[in-house]
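Topology and contacts: notes
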Amino acid sequence: MLVSICTIARNEEGYLPHLLDDITKQNFPAGQIEVVMVDSGSKDGTRGIMENFAEKNSQFYNCTVTENPGDNQASGWNQAIRTSTGDIIIRLDAHGRIPTDFVSKNVECMESGEDVTGGPRPNLPEKDTPWQRLLLSAESSMFGSGIAGFRRKNEKKYVKSMFHAAYRREVFEKVGLFNENLGRTEDNEMHYRIRKAGYRLCYDPQIHSWQYVRSSVPGMMKQKYGNGEWVARTLGVCPGCLSIYHFVPFAFVLAIIVTTILAAVKKPFLAITMWITYWCGAIGMAVLAVKNEAKHICQLLLPGIFFLLHLSYGVGSVVGMTKMIKDKFTKK
């Protein structure tokens with residue numbers, strides 16, 4: 001099989017070289033690997049890194065650098081798919097890392113009869129410091145990041161979605177390309193269509209990859225805000241590709257608003273109950289998140305970080321819901 005490894009990047013000069021180095025170390029024959037790199041209008045050295053990699057790695061079947069014709073991830077992935085020629089197409093995030101057997105394990109799973117494959121994708125800290133490990137704990141905790149199976153399951157099974165997935169080309173030929181009207185949720189919607197077309201997404205715990213966690217609290221908050229906004233906006237496009245847990249932060253922000261109004265009119269019982277319950281949960285989950293970690297005073301901030309992430313996601317969802325409703329009325 002010819003395998004097309006695809007990645008899109010915008011201003012990722014600090015991360016992309018690590019991923020490209022991982023690609024050169026694959027134990028799968030280089031002559032059966034095609035590397036497709038899509039630049040999304042980078043203002044730093046990302047494009048140069050791509051071109052330099054393509055020039056110096058002639059051992060691969062092909063190395064291509066192309067430009068994202070749109071302004072979001074979906075258009076970038078579509079450009080990668082159109083440019084690729086492989087029997088198998090692998091999506092890799094520029095913030096990702098892969099072990100030497102990543103391609104071979106996906107191919108092995110494909111050869112057993114699967115059409116879409118992937119595996120666990122835990123997070124990595126940018127640097128091995130107490131603060132970066134704290135941010136990793138926040139992102140890795142179920143309380144901080146959600147219950148997505150690709151983060152922690154250790155059994156082979158079929159799932160609804162996955163990260164750093166590999167696809168047979170025929171899957172895209174049948175279900176079409178990514179919806180370019182979507183921002184952060186293009187993979188959820190694509191995987192929904194894939195399942196509706198009769199394909200299954202095989203989660204194999206032997207297929208490992210990683211993702212760098214954002215290196216600052218503001219960076220994490222910005223990411224969560226964007227995720228929340230696009231989850232809400234996707235509700236008006238493909239509600240079937242979302243789960244109820246996607247809207248828990250949205251409900252949290254609404255609860256804050258409602259209980260604050262009630263407290264203002266001298267009915268504080270619900271507000272007191274909600275905040276006691278929330279902070280007990282946040283503190284308890286923080287203790288569980290760091291119980292096996294080397295102890296550091298900065299870990300006392302973890303409950304507060306949880307709150308900021310939940311608030312960012314929830315506010316993003318409120319904004320996204322407003323935009324979704326506005327779009328619906330505009331179209332009418």
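Quick notes on the rules
- Residues numbered from 1 in each chain as written.
- Predicted model: local features only at pLDDT ≥ 70, side-chain atom pairs only at ≥ 80, totals over all residues.
- Heavy atoms only, no water.
- Salt bridge = Lys/Arg side-chain N within 4 Å of Asp/Glu carboxyl O.
- Helix = DSSP H or I, 4+ residues; strand = E, 2+ residues; numbered from the N terminus.
- Buried < 20%, exposed > 50% of the residue type's maximum accessible area, 1.4 Å probe, protein only.
- Arc of directions from axis to C-beta.
- Contact = heavy atoms within 4.5 Å.

One pass over the structure, following the stated rule, counts 12 salt bridges. For Arg97, the salt bridge is made with Asp22, and the minimal N-O distance between the two is 2.6 Å. With Arg97 in strand 5 (residues 96-97) and Asp22 in helix 1 (residues 16-24), this residue pair connects regions lying 75 residues apart in the sequence. Note on Asp22: relative accessible area 7%, which makes it buried. Where Arg168 meets Asp115, a salt bridge forms, and the shortest distance between an N and an O atom there is 3.4 Å. You can see Arg168 sitting in strand 9 (residues 166-168) and its partner Asp115 sitting in the loop between helix 4 (102-111) and strand 6 (116-118), a full 53 residues away along the chain. Here the salt bridges do not stand alone but share partners, grouping Arg47, Glu51 and Glu67 into one network.

The next subject is helix 4. Buried within helix 4 are the following residues: Phe102, Val103, Asn106, Val107, Cys109 and Met110. Summarising the axial view, the buried residues of helix 4 lie within an arc of 160 degrees, below the 170-degree limit, and thus occupy one face. At its buried positions, helix 4 is contacted by strand 1 (3-9), strand 4 (88-93), strand 6, strand 9 and strand 10 (201-203). Immediately beyond the C-terminal end of helix 4, within one or two residues, lies Gly113, with a positive phi of roughly 115 degrees.

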